[in-house]
Amino acid sequence: MAKDLGEYRQKRDFAKTTEPAGKAAKRSKKAAPRFVIQQHDASSLHWDLRLEKDGVMVSWALPKGIPEHPKANRLAVHTEDHPLDYAGFEGVIPEGQYGAGTMEVWDRGTFDEEKFRKDEVIVVLHGERVQGRYVLFQTKGKNWMIHRMDPPSDPGREQMPEGLRPMTAVTGPLPAGEKFSFEIKWDGVRVLAYCEHGHLRLESRNGNDVSARYPELRPFGRSMGSLDVVLDGEVVAFGPDGVPSFELLQQRMHLGSEAAVRRAMKEMPVTFAIFDMLWLDGHSLMGLPYSDRRRLLEQLDLNGKSWRTPAAHDDGEVLLAATLEQGLEGVVAKRRDSTYEPGRRSQAWVKVKNRLSQEFVVGGWTQGEGGRASSLGALLVGVQGEGGLTFAGKVGSGFNEALLKDLTAQLKDLARPESPFSGRATPKGANFVEPELVAQVEFTEWTRSGTLRAPVFKGLRDDIDPADVVREPTAR
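Since the model is a prediction, treat every value here as computed from it, not as a measurement.

### Some words on the sheet that holds strand S12 (residues 180-185)
- The four strands are arranged S11-S20-S19-S12 in an open sheet whose pairing can be described as mixed. The sheet terminates laterally at strand S11 (168-171) and S12, the two strands that pair on one side only. The average angle at which neighbouring strand axes cross in this sheet is 40 degrees, direction not considered.
- For strand S19 (residues 330-335) and strand S20 (residues 345-353), the ladder comprises five bridges, and the chain directions are antiparallel.

Written out as structure tokens, the structure is:
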């Protein structure tokens, strides 16, 4: 490893940056060598680990920070040596300069050196935040890995869970009593947010990574810094009237190119509404009561330009009346003592809707008439039942010309000769399709025969598996 600061100085203009020019120096052999970890919010958020050796700070950039658990290996990119006085540097590196962004000390302390070779370093860190035995080993060129060699400082610490699915609610009337807390029901797309050392991953209800669809939410991950959390919430697009619009959001859900996403981000920005926290810094919160999870969530004060933590309310009747007046979908009542049950529809959560809405599988379509003779007239939709896909009726309104054209093309590509529905008969002259599309539909009620009254198409959604679409159960 280099023992001079030539590369460091060559990369910087000290007339423009406040970083120390420094010089290689020697310290007393009696003093324990120092280390520093600096949080560096540059083109990407990362952490810089610097170890004092032979008069310089030998440095690595850690994109995901220091691993707290021995099961996790993380990338460490070896960078140029820094001067000793860089160990105390905090400030803003100006635009146009190498490493432009904010630098702040995240942890500092001393370390015991066990091995310090050009391709492997083993140290024991004694910091304010980090204590433990670590190895850094070279893999290829500047790419190294950092691994914790001893048990985590927190014996109960676990790795962040993977593959969780959101807990869902039943539909029903407004529950009474003090056992429930009440939140606004957002007309958006449900996601679980995995925030790990400044990096955000958004997963839809069917487990797909949808992070690339909503780039305006990336700063939220950076804002979390080194805090590792799993959050439950809804991605929402607000119309000009300030009311959530699923139709508007749908225009963000199916874009294929990054350029199209960037344009849509400016025209139709989204907001992440956060209402639950499942995991925090190595510990699951899912076994805690809802009231405790909400308290911990609110302590984080997660509110920014494109994210917010909407309030939970005590008076459900007042909140429901307010949502009706403001044109919102309704409220969700949650038992204060309820644990989080991932992937389960629970009676502990009750959706109270001002207008009925749910997902349906598209199994066919009818030809339009008059001005719509060249496209579809109505979608044939259903829900999964004991005998397979059960016909729930026709949806013939809620389409514009562009949507009719696009939907008709998609349906023709999915054509099949026989009906995917079982049981109830479908309209004569129906065109059947593979049951792969899921539609969001609003309606006034279910009829006694099990079909929809006054249904309106709101959009297609790809965050739900057709096999999981059932008639939403009601609260018992």
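### What about the pairing of strand S7 (residues 101-116)?
- The pairing of strand S1 (residues 34-41) with S7 spans eight bridges and is classified as antiparallel. When the sheet's bridge partners are listed, His 40 is paired in S7 with Met 103.
- Across three bridges, the pairing between strand S6 (residues 91-93) and S7 is antiparallel. Across the sheet, Ile 93 pairs through a bridge with Gly 101, a residue of S7.
- In this sheet, strand S8 (residues 120-127) lies alongside S7 in antiparallel orientation, the contact comprising seven bridges. Its bridge partner lying in S8, Glu 113 is registered against Val 123.
- Between S7 and the antiparallel strand that follows it, S8, lie three residues.

### Some points on the nonpolar core
- Grouped together as the largest cluster of nonpolar side chains are 34 residues, with contacts concentrated most on Phe 360, Leu 379 and Phe 457.
- Of all the secondary structure elements, the ones that give two or more residues to this core are strand S21 (356-367), strand S22 (376-385), strand S23 (388-395), helix H7 (401-413), strand S26 (431-443) and strand S29 (456-460).
- Excluding its chain neighbours within four sequence positions, the residues that come into contact with Leu 379 are Val 362, Gly 364, Trp 365, Gly 393, Lys 394, Val 395, Phe 399, Leu 411 and Phe 457.
- Counting 29 residues, the second largest nonpolar core, distinct from the first, contains Leu 51, Trp 60, Leu 62 and Tyr 134.

### Quick notes on the packing of aromatic side chains
- Under the criterion given, the structure shown has 13 aromatic pairs.
- Between the aromatic rings of Tyr 340 and Trp 349, the centroid separation amounts to 5.8 Å while the plane-to-plane angle is 75 degrees, which identifies the pairing as edge-to-face.
- The buried category is assigned to Tyr 340, whose relative accessible area is 3%.
- The interplanar angle of 75 degrees and the centroid separation of 6.0 Å between the aromatic rings of Phe 360 and Phe 443 together place this pair among those described as edge-to-face.

### Describing helix H3 (residues 246-253)
- Those residues of H3 lying buried are Phe 246, Leu 249, Gln 250, Arg 252 and Met 253. The arc that holds the buried residues of H3, viewed along the axis, is 155 degrees, so those residues lie on one side.
- Packing partners of the buried residues in H3 comprise strand S13 (189-196), strand S15 (229-237), helix H4 (258-267), strand S16 (270-280), S26 and S29.

About the cut-offs
Position numbers for residues start from 1 in each chain and track the written sequence from start to end. In view of the model being predicted, local features appear only for residues whose pLDDT reaches at least 70, and side-chain atom pairs are presented and counted only at 80 or more, with totals across whole chains, interfaces and linings using the full set of residues. Calculated side-chain values reflect all of the structure's heavy atoms, with hydrogen atoms and water omitted. Strand pairing requires that DSSP identify at least two bridges connecting the strands. Helix and strand assignments follow DSSP, with helices taken as H or I runs no shorter than four residues and strands as E runs no shorter than two, numbered in order from the N terminus. The axes are straight lines fitted to the C-alpha atoms, using for helices just the contacting stretch, and the angles between their N-to-C directions are given from 0 to 180°. Nine residue types can take part in a nonpolar core, namely buried Ala, Val, Leu, Ile, Met, Phe, Trp, Tyr and Cys, and a core is a set of them joined through side-chain atoms within 4.5 Å. When accessible area is computed with a 1.4 Å probe and restricted to protein chains, residues below 20% of their type maximum are described as buried, those above 50% as exposed, and intermediate ones as partly exposed. We call two residues in contact whenever any of their non-hydrogen atoms come within 4.5 Å of each other. Here a pair means two rings of Phe, Tyr or Trp (six-membered ring of Trp) with centres within 6.5 Å. Their orientation is stacked below 30 degrees between planes, edge-to-face above 60, and tilted elsewhere. In this context, the arc is that of the directions from the helix axis out to the C-beta atoms.

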